[in-house]
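# Chain and residue survey
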Amino acid sequence: MKYVLIVGAKSDMAKAIAREYAKQGFNLYLAARNVNELEPISNDITTRFQRVVQCFELDLTDFDSHESFYNSLPEKPAGVITAVGYMGEQKNSEVDFEECHQVIDSNYTGNVCLLNIIANDFEARREGFIVGISSVAGDRGRKANYIYGSAKAAFTAYLSGLRNRLYDTGVQVLTVKPGFVATKMTENMDLPENLTAQPEQVAADVFSAQQKGKDILYTKWVWRYIMLIIKNIPEFIFKRLSI
Amino acid sequence: MKLSGWGNYPQIESTQYNFSSEEQLCQIVEEHQSMAAFGNGRSYGDSALAKNSIVMKNHNYFLQFDERNGVLEVEAGVLLAEIIEAFAPRGWFPKVVPGTKLITVGGAIASDVHGKNHHVSGCFSESVISFQLLLADGSIVECSRDENKPLFLASCGGMGLTGVILRAKLKLKKIKSNAIVQTTIKTENLKETFEAFERYKSQPYSVAWIDCLAKGSSIGRCLLNFGDFAQDQKFDFVQKKKLNIPFNFPSFALNNLSVKAFNWLYYHKVLNKKSTKKVSIDSFFFPLDAIDNWNRIYGKNGFTQYQFILPLAESYKGLEEVLSAIAESGKGSFLAVLKLYGKENDNLLSFPMEGYSLALDFKMEPGLMPLLEKLDQIVIKYGGRIYLAKDSRMSQSTFESGYPKAEEFRALRKSYKLTDKFSTLQSQRLGI
């Protein structure tokens, strides 16, 4: 049975995606910074769906380790899903460059470093799929979270270029742009119910979009139109807004 | 944030507490009063509405499964839907499921839910081997029929008032198919309905939909569904795409006329006196789960589900009286569900007793409360009781006459210092 590699597997969204792929018949490689923290989800998936789940330690900001990590996988995966995301506190990122750097590396540089390696492998094999969890926050910079947003914007642009490069080889690249999702990252925010997706719904959307060979997925779908409006607000108005 | 049960009535301002470890939960419990665990919000009334809510839904890890005896251990926030999704294709099924699978295991234990097979398999607690319970002092105890039995008997059906259920071991049953062979019997009146229940008592699953707007000689006419898992060894369970009701219907959408029309059509669409077909697990057990947020058809004022049970010997007379009172009032219910129950268990506050239960949905509107109070009087007169998991309005005296072990439950709460620590709108209203 085929393996799917899920990076950043400890997040609520990644856990839901892992369960979805296991349910649909895939074995899993789960990677996260602290491998011990993957034990409960790995055990959960084995108990539910009787798949093989292997856990790996991977720090996405430790760039030098990526090559050896990828080479250490027992069997090359059929696809990779990177769900690493670190929002941090916007205010901290403004005054503390360490923090700012961490946000950029977690959301952008680290993903680039790892996906470069994987893309080369998939390109040579002429098969595979790459799913990057970006964010609607990358569609336009807002004062509330533009450090995070700009890193996601860069990641979105990277995925777009990668899709363009790999098109001829048949390797699929899917950019996922979730809006609000009810996870640990957002549990203290008061989110509007109708715009907020549950992680399970995001997972089902990701699986279905990936299987259908889609390029860009907004989830919930309504975010495509919300962001269309936000992107089209003229800058001279936008700069005055607090949204 | 605003919190309400499935009936959207009543609403309460409640603070949500998430936790990521047991230590953190212990600390939350130590520091607060008036708490209750909140699962997936499917109990109808105010039984899970507390000033401080402990959010359980995210605690949904499967812990272990023993293929030899079908014992599954899960965290309390796991939904029955998740168990069915994972295990129905492997030939296992929960021993007891209620009319929705979108409830947590913790909630199923706390309400000691029951289903179409109560008359042969009892309540959900029959499938519970043990669970771990967090008490008021922050200690975690194992509860089973051998260990801490008083806490076990109080917690099964205890509406979350004995502490926080963290994990549970459940026994699943073997099934030979993911399809159900269902038979529908159409009856003309209450007498025929009772005879049909008696005749098909040996069938493992049975339930009847009653046309509660029928009057006179047609009173109590019904469609009785019964059935069992097929034997075809086909395990092809798939989750169907769901419909959604995206917003509250305007409150006039469900009126006397539309409910009457629905009841008439529903009853008359079945032409044969008896018909048999193969149906899916979802359509047999959980027909309403196919529509997300179906509670919104009752509008923003919400609704209440009135479910009562009467002892076997009094059931016929009592039901006749209740159905007449409802038909007279003209306040129809979309869903009137009648069911024959088996023996009562030893739990202190479990709802079922041997007899017949009827469940009715009523939109919240002026004039409803007096009708329900009138029904309460009939239920009490015949020695019946009202289901706590659905209730949002009964009085303390109605509760006490229906639940003879209420005092024992109160005493246990007091002795474990649970009374102020864990309390809900319902427990305060009923003085539990």
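Predicted, not measured: the structure shown is a model, and the values here were computed from it. The numbers attached to residues start from 1 for each chain and follow its sequence in the written order. Chain labels run from A onward and ligand labels from 1 onward, assigned in the order the entries are written. Since the coordinates come from a predicted model, pLDDT governs what is reported: local features require at least 70, and pairs of side-chain atoms require 80 or more to be given and counted, while whole-chain, interface and lining totals use all residues. Neither water nor hydrogens contribute to the side-chain values; these are computed over all heavy atoms in the structure.

Turning to the overall build of chain A, a few remarks are in order. The way it works is that DSSP assigns letters per residue, a run of H or I at least four long becomes a helix, a run of E at least two long becomes a strand, and they are numbered from the N terminus. When helices and strands are counted, chain A shows nine helices and nine strands. Our radius of gyration looks at C-alpha atoms and nothing else; its globule reference is 2.2 Å times the residue count to the power 0.38. Computed over C-alpha atoms, the radius of gyration of chain A comes to 17 Å, within 12% of the 18 Å expected from 2.2 N^0.38 for 243 residues, which places it in the range of a compact globule. We call two residues contacting when some pair of their heavy atoms lies within 4.5 Å. Within chain A, counting contacts between residues at least 6 apart in sequence, those at least 24 apart form 70% of the total. Charge centroids of chain A, computed over 27 positive and 29 negative side chains, lie 8 Å from each other. Residues scored as charged are limited to Lys and Arg (positive) and Asp and Glu (negative), so that His and the chain ends carry no count. Think of each charge as sitting on NZ of Lys, CZ of Arg, CG of Asp or CD of Glu.

In this section: the overall build of chain B. Of the regular secondary structure elements, chain B holds 13 helices and 21 strands. Taken over C-alpha atoms, the radius of gyration comes to 21 Å for chain B, in line with the 22 Å a tight globule of 432 residues would show. Projected onto its principal axes, the C-alpha positions of chain B cover 60 × 50 × 45 Å. Within chain B, the fraction of its 432 residues that count as buried is 61%. To sort residues, take the accessible area from a 1.4 Å probe on protein chains only and compare it with the maximum for the residue type: under 20% means buried, over 50% means exposed, and anything in between is partly exposed.

The subject of this paragraph is the pairing of strand 12 (residues 179-186) of chain B. Residues and elements named next belong to chain B. Counting buried residues in strand 12 gives seven out of eight residues, a clear majority hidden from the surface. Here strand 12 runs beside strand 16 (residues 274-280); their pairing, made up of seven bridges, is antiparallel. Along strand 16, the bridge assignment pairs Ile 180 with Val 279. Strand pairing is assigned whenever DSSP identifies at least 2 bridges connecting the two strands. By the bridge criterion, seven bridges tie strand 12 to strand 14 (residues 222-229) in an arrangement that is antiparallel. In the strand pairing of strand 14, Val 181 is matched with Asp 228.

A separate point is the pairing of strand 1 (residues 3-7) of chain A. Residues and elements named next belong to chain A. Counting buried positions along strand 1 yields five of five residues, so the element is predominantly enclosed. Here strand 1 shows two buried faces, one formed by Tyr 3, Leu 5 and Val 7 and the other by Val 4 and Ile 6. Where strand 1 meets strand 2 (residues 27-32), five bridges bridge the pair, whose relative direction is parallel. Counted as the bridge partner of Leu 5 is Tyr 29 from strand 2. Relative to strand 4 (residues 79-82), strand 1 is paired through four bridges, and the arrangement is parallel. Bridged to Leu 5 within strand 4 is Val 80.

With that settled, consider the nonpolar core. Ranked by internal contacts, the top residues of the largest apolar core, which has 153 residues, are Ile6(A), Tyr21(A), Leu28(A), Ile83(B), Phe131(B), Phe285(B) and Phe308(B). With seven residues, helix 1 (residues 12-23) of chain A is the largest single contributor of residues to this core. Both domains that furnish three or more residues to this core are identified here as domain 1 (2-175 + 407-430) and domain 2 (179-395) of chain B. With residues up to four places along the chain from it excluded, the contact list for Leu28(A) reads Tyr3(A), Val4(A), Ile6(A), Ala18(A), Tyr21(A), Ala22(A), Ile45(A), Val52(A), Val53(A) and Gln54(A). Membership of the second largest hydrophobic core comes to 28 residues, among which are Leu115(A), Ile118(A), Tyr158(A) and Val173(A). The set of buried Ala, Val, Leu, Ile, Met, Phe, Trp, Tyr and Cys residues whose side-chain atoms join them within 4.5 Å is what this entry labels a nonpolar core. How far each domain reaches was decided by an automatic or database domain assignment.

Here we come to the sheet that holds strand 3 (residues 15-17) of chain B. Residues and elements named next belong to chain B. One open sheet holds the three strands; their spatial order is 3-5-4, and the pairing between them is parallel. Two strands in the sheet have a free side with no partner beyond their single neighbour: strand 3 and strand 4 (35-38). Pairs of neighbouring strands in the sheet enclose a mean axial angle of 35°, with direction left out of account. Sheet topology note: the strand 3/strand 5 (residues 52-55) ladder contains three bridges and is parallel. Counterpart to Gln 16 in the pairing with strand 5 is Ser 53. In this analysis, axes come from line fits to C-alpha atoms, helices being fitted only over the stretch in contact, and the angle between any two N-to-C directions falls in the range 0 to 180 degrees.

Glancing now at unusual backbone geometry. Of note, the amide linkage connecting Thr219(A) to Lys220(A) takes the cis form, showing an omega dihedral of -5°. Positionally, Lys220(A) belongs in the loop between strand 9 (216-219) and helix 8 (222-231). A cis amide bond links Tyr9(B) to the next residue, Pro10(B), at an omega of -10°. With respect to the helices and strands, Pro10(B) occurs in the loop between strand 1 (2-4) and strand 2 (11-13). Its identity as a non-glycine residue notwithstanding, Asn8(B) has a phi of 55°, on the positive side. Within the secondary structure layout, Asn8(B) lies in the loop between strand 1 and strand 2. You can call Asn8(B) partly exposed: its relative accessible area is 22%.

Each partner contributes residues to the interface: chain B has 18 residues there, and chain A has 16 residues. Here a salt bridge means any side-chain nitrogen of Lys or Arg lying within 4 Å of a carboxyl oxygen belonging to Asp or Glu. The interface formed by chain B and chain A includes three salt bridges. Among the ionic pairs, Glu85(B) bridges to Lys23(A), the shortest N-O distance being 2.6 Å. Polar contacts here mean pairs of N or O atoms no more than 3.5 Å apart (in protein, one a potential hydrogen donor and the other a potential acceptor; neighbouring residues in sequence count only if both atoms are side-chain atoms). Where chain B meets chain A, there are 10 residue pairs in polar contact (both at pLDDT 80 or more). For the side of chain B that touches chain A, the secondary structure elements donating two or more residues are strand 6 (62-66) and helix 2 (80-87) of chain B.

This paragraph deals with the domain arrangement of chain B. Residues and elements named next belong to chain B. The domains assigned to chain B are domain 1 (2-175 + 407-430) and domain 2 (179-395). The straight-line distance from the C-alpha centre of domain 1 to that of domain 2 is 25 Å. Every contact between the two is made by 47 residues of domain 1 and, on the other side, 50 residues of domain 2. By buried area we mean how much accessible surface two parts lose on assembly, using a 1.4 Å probe and totalling the loss over both. Taken together, both faces of the contact between domain 1 and domain 2 bury some 4,300 Å²; the carbon and sulfur share is 60%. Of all residues in domain 1, the largest losses of buried area upon contact with domain 2 belong to Tyr 44, Lys 116 and His 119, amounting jointly to 18% of the total for that side. Where domain 1 meets domain 2, there are two salt bridges.

We now examine the pattern of salt bridges. The tally for this structure, following the rule as stated, stands at 35 salt bridges over all chains. Of the charged contacts, one joins Asp391(B) and Arg429(B) as a salt bridge, the two residues approaching to 3.0 Å between their closest N and O atoms. Here Arg429(B) lies in helix 13 (residues 425-430) and Asp391(B) lies in the loop between strand 21 (385-386) and helix 11 (396-402), a separation of 38 residues in the sequence. For Asp391(B), a relative accessible area of 2% corresponds to the buried category. In this structure, a network of salt bridges that share partners links the residues Arg19(A), Asp44(A), Arg48(A) and Glu82(B).

Nonpolar side chains (Val, Leu, Ile, Met, Phe, Trp, Tyr) within 5 Å and like charges within 9 Å form the patches, drawn only from residues with over 30% relative accessible area and no salt bridge. Working definition of accessibility: Shrake-Rupley area with a 1.4 Å probe, residue cover restricted to the visible protein chains. A cluster of nonpolar side chains, contributed by Phe236(A), Ile237(A), Leu241(A) and Ile243(A), occupies part of the molecular surface with about 350 Å² of accessible area. Its place among the elements puts Phe236(A) in helix 9 (residues 235-238).

Further remarks concern the side chain of Arg51(A). Turning to its location among the elements, Arg51(A) is positioned in the loop between helix 2 (39-49) and strand 3 (53-57). No salt bridge is formed by the buried Arg51(A); its nearest oppositely charged neighbour, Glu85(B), is found at 10 Å. From its side chain, Arg51(A) meets the backbone oxygen of Ala22(A) in a polar contact 2.6 Å long.

Residue and element names in this part refer to chain A. Within the element layout of this structure, Gln 24 appears in the loop between helix 1 and strand 2. By relative accessible area, which is 38% here, Gln 24 ends up partly exposed. Remark: the alpha-carbon pair of Gln 24 and Asn 92, spanning 68 residues in sequence, is separated by 41 Å.

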